[in-house]
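Observations on chain architecture
Chain by chain, the residues run as shown.
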Amino acid sequence: MWLILSRLAARDGQYQSELAQSTLRDRPNVSRIVAGLERRGFVTRRKDRTDGRRQRVYLTPRSRKCASTVAPVAAHVRDAIYEGLSQADVAQLRRSLRRIEKNALAALRELPGQDSSHP
């Protein structure tokens, strides 16, 4: 949930498909996360002005307040985790983790009885 909120804090009003792409999550998973955030009052979904079939996701004042409290803590933890790693090391680590996640999702989709649209 924090990852979705942080992506919206960086650029509010994204489509769920954009959130899925930027967080490397599948669309059904992002849809469930956004629905949960909406039930908790952290985001709202509004129809796109130019394409009424699509919805954009926006932060609420409640989530902005939460993000301003959590962001410094998250940054501190991130910095502690990456202590001693160069920017190149961190970039390589992120590439490797993205590849591992893609491989894991692909492997899960190949399991017998799995629907190809859900891991």
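Residues numbered from 1 in each chain as written. Predicted model: local features only at pLDDT ≥ 70, side-chain atom pairs only at ≥ 80, totals over all residues. Heavy atoms only, no water.

1. Looking at helix H3 (residues 27-39)
Heads up, the rule is: A run of H or I in DSSP counts as a helix once it spans at least four residues, and a run of E counts as a strand once it spans at least two, with each numbered from the N terminus. An expected span of 1.5 Å times one less than the residue number is assigned to each helix. Exposure classes here rest on a 1.4 Å probe applied to the protein chains alone. A residue is buried below 20% of its type maximum, exposed above 50%, and partly exposed in between. Should any heavy atoms of two residues lie within 4.5 Å, those residues are counted as being in contact. As used in this structure description, the phrase polar contact means that two N or O atoms lie within 3.5 Å; if the pair is within protein, one of them must be able to donate a hydrogen and the other to accept it, and residues adjacent in sequence are counted only when both atoms belong to side chains.
Look at H3: 18 Å from first C-alpha to last across 13 residues, which is about the 18 Å you get at 1.5 Å a residue. Listed as buried for H3 are Val30, Ile33, Val34, Ala35, Gly36 and Leu37. Where the residues of H3 are buried, they touch helix H1 (2-10), helix H2 (16-23), strand S2 (43-47) and strand S3 (55-59). Its side-chain oxygen placed 2.7 Å from the backbone nitrogen of Asn29, Asp26 serves as the N-cap of H3.

2. Side note on the pattern of salt bridges
Once their charged atoms are close, side chains differing in charge can pair, the charge on each being opposite to the other. The criterion, for reference: Salt bridges are counted wherever a side-chain nitrogen of Lys or Arg sits within 4 Å of a carboxyl oxygen of Asp or Glu.
Counted under the stated rule, the structure contains 7 salt bridges. Between Arg64 and Asp12 there is a salt bridge; the shortest N-O distance is 2.6 Å. Highlighted residues: Arg64 in helix H4 (residues 61-81) and Asp12 in the loop between H1 and strand S1 (14-15), separated in sequence by 52 residues. Residue Arg64 is classed as partly exposed on the basis of its relative accessible area of 44%. Notably, a salt bridge pairs Arg45 with Glu38, separated by 2.8 Å at the nearest N-O pair.

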